[in-house]
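Next come the chains, spelled out residue by residue.
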Amino acid sequence: MAIEVRIPTILRTYTDGAKAVDGSGDTLQALIDDLEGNHPGIKERLVESGDLRRFVNVYINDEDVRFMGGLDAELSDGDQVVVLPAVAGGAR
Amino acid sequence: MTRFDSLLESVGGTPLVGLPRLSPGLQPNGAEVRIWAKLEDRNPTGSIKDRPALKMIEQAEKDGTLRPGCTILEPTSGNTGISLAMAAKLKGYRIVCVMPENTSEERRQLLRMWGAEIVSSPAAGGSNEAVRVAKKIAGEHPDWVMLYQYGNDANALAHEEGTGPELLEDLPSITHFVAGLGTTGTLMGVSRFFRRAKPDVRIVAAEPRYGELVYGLRNLDEGFVPELYDESLIDSRFSVGPRDAVRRVRELLELEGIFAGISTGAILHAALGQAAKAVKAGESADIAFVVCDGGWKYLSTGAYEGTVDEAEDRLDGQLWA
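Quantities reported herein were computed from a predicted structural model and do not represent experimental measurements.

1. Overview of the overall build of chain B
Here's step 1: Per the secondary structure count, chain B includes 10 helices and 11 strands.
Here's step 2: Against the compact-globule benchmark of 20 Å for 321 residues, chain B has a radius of gyration of 19 Å, which places it among compact chains.
Here's step 3: The C-alpha extent of chain B, read off along each of the three principal axes, is 65 × 45 × 40 Å.
Here's step 4: A burial count over chain B gives 61% of its 321 residues as buried.
Here's step 5: Intrachain contacts of chain B at a sequence separation of at least 6 include 73% that bridge at least 24 residues.
Here's step 6: Here chain B contributes 35 positively and 45 negatively charged side chains, and the mean placements of these two sets differ by 1 Å.

2. Looking at the domain arrangement of chain B
Residues and elements named next belong to chain B.
Here's step 1: According to the domain assignment, chain B contains domain 1 (7-46 + 159-309) and domain 2 (50-146).
Here's step 2: Taken together, the contact between domain 1 and domain 2 spans 31 residues of the former and 25 residues of the latter.
Here's step 3: At the boundary of domain 1 with domain 2, total buried surface from both sides reaches about 2,000 Å², with 59% on carbon and sulfur atoms.
Here's step 4: Looking at the side of domain 1 facing domain 2, the largest losses of area belong to Leu8, Thr45 and Lys297, adding up to 34% of the total buried there.
Here's step 5: The tally of links between domain 1 and domain 2 comes to 4 salt bridges.
Here's step 6: Of the charged contacts in the structure, one is a salt bridge between lysine 135 and glutamate 227, with a shortest N-O distance of 3.8 Å.
Here's step 7: Linking domain 1 with domain 2 are 11 residue pairs in polar contact (both at pLDDT 80 or more), by the criterion used here.
Here's step 8: Of all the elements in the fold, those that place two or more residues in the side of domain 1 that touches domain 2 are α5 (153-170) and α7 (212-216).
Here's step 9: In terms of residues, the side of domain 1 that touches domain 2 owes the most to one element, α5, which gives 5 residues.
Here's step 10: Class assignment of the residues belonging to the side of domain 1 that touches domain 2 gives a composition of 11 nonpolar, 12 polar and 8 charged.

3. Looking at the confidence of the model for chain B
Here's step 1: Per-residue pLDDT for chain B averages 92, and the proportion of residues at 70 or more is 96%.
Here's step 2: Among the scores for the predicted complex, ipTM is 0.81 and pTM is 0.91.

4. What to know about unusual backbone geometry
Here's step 1: Unlike most non-glycine residues, aspartate 62 of chain A shows phi in positive territory, near 75°.
Here's step 2: Mapping aspartate 62 of chain A onto the fold places it in the loop between β5 (56-60) and β6 (63-64).
Here's step 3: Although it is not a glycine, threonine 184 of chain B adopts a positive phi angle of roughly 80°.
Here's step 4: In this structure, threonine 184 of chain B sits in the loop between β8 (176-180) and α6 (185-197).
Here's step 5: Overall, threonine 184 of chain B belongs to the buried group, its relative accessible area being 2%.

5. Thoughts on the packing of aromatic side chains
Residue and element names in this part refer to chain B.
Here's step 1: Applying the stated criterion to the full structure yields 4 aromatic pairs over all chains.
Here's step 2: Judged by centre distance (5.1 Å) and plane angle (85°), the rings of phenylalanine 259 and tryptophan 296 are edge-to-face. Note that phenylalanine 259 is positioned in the loop between α8 (242-256) and α9 (262-281) and tryptophan 296 in the loop between β11 (285-291) and α10 (308-315), a separation of 37 residues in sequence.
Here's step 3: An aromatic cluster is present here, built from Phe259, Trp296 and Tyr304 joined pairwise through their rings.

Definitions and cut-offs
- Residues numbered from 1 in each chain as written.
- Chains lettered and ligands numbered in written order.
- Predicted model: local features only at pLDDT ≥ 70, side-chain atom pairs only at ≥ 80, totals over all residues.
- Heavy atoms only, no water.
- Helix = DSSP H or I, 4+ residues; strand = E, 2+ residues; numbered from the N terminus.
- Rg over C-alpha atoms; globule rule 2.2 N^0.38 Å.
- Buried < 20%, exposed > 50% of the residue type's maximum accessible area, 1.4 Å probe, protein only.
- Contact = heavy atoms within 4.5 Å.
- Lys, Arg positive; Asp, Glu negative; His and termini not counted.
- Charge placed at Lys NZ, Arg CZ, Asp CG, Glu CD.
- Domains from an automatic or database assignment.
- Buried area = accessible area lost by both parts, 1.4 Å probe.
- Salt bridge = Lys/Arg side-chain N within 4 Å of Asp/Glu carboxyl O.
- Polar contact = N/O pair within 3.5 Å; in protein donor to acceptor, adjacent residues only side chain to side chain.
- Nonpolar A, V, L, I, M, F, W, Y, C, P; charged D, E, K, R; others polar.
- pLDDT = per-residue confidence, 0-100.
- Phe/Tyr/Trp six-rings, centres within 6.5 Å; stacked < 30°, edge-to-face > 60°.

Here's what the structure looks like:
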């Protein structure tokens, strides 16, 4: 099962500079564990005491996982996962 | 009511218009899915921000923080600054706005026209950086009043008392409310109203996703979540990139004749996603979304001309919402 994961600039030190990597897993938790296997250290930057870090946003097919079960959010083949740092809104 | 004693009195009370061509409409199973646009560009300075700006000033006057002759300081990439500057001009305050240097030239000119002084913050980091710079300046000028839209409850209150009730009155059958997520004031306020008045209304957030320059230097430990934000008041949240935002904002003009700013395209994209879900589930839905402002201030971004590919390239690195 292939899931494309887009990596923000700040985390590309863990992916040899790659903007996107492939991973696999039925849930976000499993996907992050899979990523950790190939890119050691990345998990600790995303997860803290069993939950997503406060300033890390993760989206499955553009939907925020915090409203889809968080780390338990389910994944299917072909899903796209985007990781982004939290930023303040734009035209405010 | 269409007669007012002054411009400030005319804030709010905006029209809600149907989108007959973009709405899925009547389905074979009898369900009907309709999309409605709340035209917040009809406010005095042309954006939804007139509501929170006026409310924040009124509250600060009421509690005594804002007194005649005061200087207002605010981190803003445009609309809130313009709204505050208008109100400040009419009420006699001086205003200083901190804005990222990669915001459109129109917004700078408008701010200056309404009498605001502008301090630029670095492009990288976007609004996060403007907030940081403004907080630093506030420390150096303890007598200046920072209304701070990201943490000022009057921001959400303006929508709880205004936008929310207006929507329910005009569309009692409302099932979804979709708005942009910036300060989070619109979503928090409207949600607080509906959680009380009609709890089954789903609250959907559309969040702009910028190019890499904006996120590039962000440290994951130093992100920014507005103090106003309460996750429990939102039911789903979508990230919308510039390509979808541009495509939708053009459709809105092409099919419904509404000329909106780019962030509205992102919100419409999320609204259409909810509409598609309702159609798939065979359920009726009345989905209201916010038209935050008109497209005038964004003409120089190049979002409205050429192919969508070209527009997407031009928006890279800009704070388009």
